[in-house]
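Residue-level structural notes
Here is how the chains run, residue by residue.
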Amino acid sequence: MDTVLGLASVIPVVVVEDADDAVPLARALVAGGLGGLEITLRTAAALEAIQVVAHEVPDAVVGAGTVLTPDHAAAAAAAGARFLVSPGWTERLLDAMCGTGLPYLPGVSTASEALNLLERGITAMKFFPAEAAGGVPFLRSLASPLPKARFCPTGGIDAAKAAQYLALPNVACVGGSWMIPKELLAARDWEGVTALAKEAAALRPGARWS
């Protein structure tokens with residue numbers, strides 16, 4: 001895998017509070033057709049969750065999200081993450097993520113931030129927080145002036161909005177948590193997660209980039 005954007009049309013964004021839930025949750029998502037998942041580094045259980053999924057769910061491609069520091073990048077790589085996602089970026093963080101040798105997706109919310117990444121030869125970006133930062137109209141407006149930039153919008157996206165984003169020519173995939181609602185996680189309703197994952201996996205981009 002040389003790019004996060006080529007992983008899938010929909011990437012589940014997962015917050016794991018209990019590492020014991022990580023493997024059955026990953027298996028439920030994979031069973032629904034969502035083989036890639038981003039476990040955010042927002043909880044004490046996150047690194048352990050990445051590690052157990054990496055070891056015990058071979059059909060899953062597990063990555064680390066909310067990568068904020070060089071230490072986060074190194075720890076996620078050591079835990080077995082296969083890609084890294086950050087909500088924003090600094091020069092130091094970019095260097096650290098690049099230094100892991102893993103595919104990574106730095107976050108942007110403005111045209112200037114995207115231009116800075118393009119100057120470094122980085123064309124794959126996370127658009128975050130997608131809905132709060134301008135949503136579909138904003139990304140549509142960037143397609144013509146920044147034709148090399150490709151985005152994975154994340155933040156405030158549900159199934160209906162995902163379809164709208166995926167119809168844009170500069171969107172390769174979307175990230176979201178709508179297929180893993182809190183009530184299903186609390187109930188450990190893995191069959192329910194699989195059913196929602198199947199619906200999400202049926203979403204496809206309107207146009208693939210070469």
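Residues numbered from 1 in each chain as written. Predicted model: local features only at pLDDT ≥ 70, side-chain atom pairs only at ≥ 80, totals over all residues. Heavy atoms only, no water.

1. Side note on the overall build of the protein chain
A count of helices and strands for the protein chain gives nine helices and nine strands. Relative to a compact globule of 210 residues, whose C-alpha radius of gyration would be 17 Å, the protein chain shows 16 Å and is just as compact. Oriented by its inertia axes, the alpha-carbon framework of the protein chain measures out at about 45 × 35 × 30 Å. Within the span of the protein chain, comprising 210 residues, buried residues form 53% of the whole. In the protein chain, of all internal contacts separated by at least 6 residues, the share reaching a separation of at least 24 is 61%. For the protein chain, the accessible area works out to roughly 9100 Å², and carbon and sulfur atoms hold 53% of it. (Helix = DSSP H or I, 4+ residues; strand = E, 2+ residues; numbered from the N terminus. Rg over C-alpha atoms; globule rule 2.2 N^0.38 Å. Buried < 20%, exposed > 50% of the residue type's maximum accessible area, 1.4 Å probe, protein only. Contact = heavy atoms within 4.5 Å. Areas by Shrake-Rupley, 256 points an atom, 1.4 Å probe, with all protein chains shown as cover.)

2. Let's talk about the pairing of strand β2 (residues 36-40)
Among the five residues in β2, five count as buried, and that is most of the element. Every second residue of β2 is oriented toward a common face, with G36, E38 and T40 on one face and L37 and I39 on the other, all of them buried. In this structure, strand β1 (residues 10-14) lies alongside β2, joined through two bridges in parallel fashion. Each bridged residue has a counterpart across the sheet, and for V13 the counterpart in β2 is E38. Looking at chain direction, β2 and strand β3 (residues 61-65) are connected through five bridges and run parallel. For L37, the partnering residue across the bridge sits in β3 and is V62. Regarding the hand of the β-α-β motif, the stretch spanning β2, helix α2 (residues 46-56) and β3 is right-handed. (Pairing = 2+ DSSP bridges. Right-handed = clockwise from strand over helix to strand, strands pointing away.)

3. Re the pattern of salt bridges
Applying the stated rule across the entire model yields five salt bridges. The partner of R188 in a salt bridge is D18, and the shortest N-O contact between them spans 3.6 Å. Of this pair, R188 sits in the loop between α8 (182-187) and α9 (190-201) while D18 is found in the loop between β1 and α1 (22-31), placing the two residues 170 residues apart along the sequence. R188 gets classed as partly exposed once you look at its relative accessible area, which sits at 43%. Several salt bridges share partner residues, and in doing so they unite D18, D21 and R188 into one network. (Salt bridge = Lys/Arg side-chain N within 4 Å of Asp/Glu carboxyl O.)

4. A short note on the packing of α2 against helix α3 (residues 70-79)
Here α2 crosses α3 at 30 degrees, and the two axes come no closer than 8 Å. The angle between α2 and α3 falls in the class roughly parallel. Contacts from L47, I50, Q51 and A54 in α2 reach A75, A76 and A79 in α3. For the contact of α2 with α3, a count of residues per class yields six nonpolar, one polar and no charged. (Axes fitted to C-alpha atoms, helices over the stretch in contact; angles between N-to-C directions. Parallel < 35°, antiparallel > 145°, perpendicular 65-115°, else oblique. Nonpolar A, V, L, I, M, F, W, Y, C, P; charged D, E, K, R; others polar.)

5. A look at unusual backbone geometry
What you tend to see is this: most non-glycine residues have negative phi, and most peptide bonds are trans. In this model, F128 is joined to P129 through a cis peptide bond whose omega is -10 degrees. Structurally, P129 is set in the loop between β7 (124-127) and α6 (135-142). Even without a glycine there, the phi angle at T66 is positive, about 55 degrees. Counting through the fold element by element, T66 comes out in the loop between β3 and α3.

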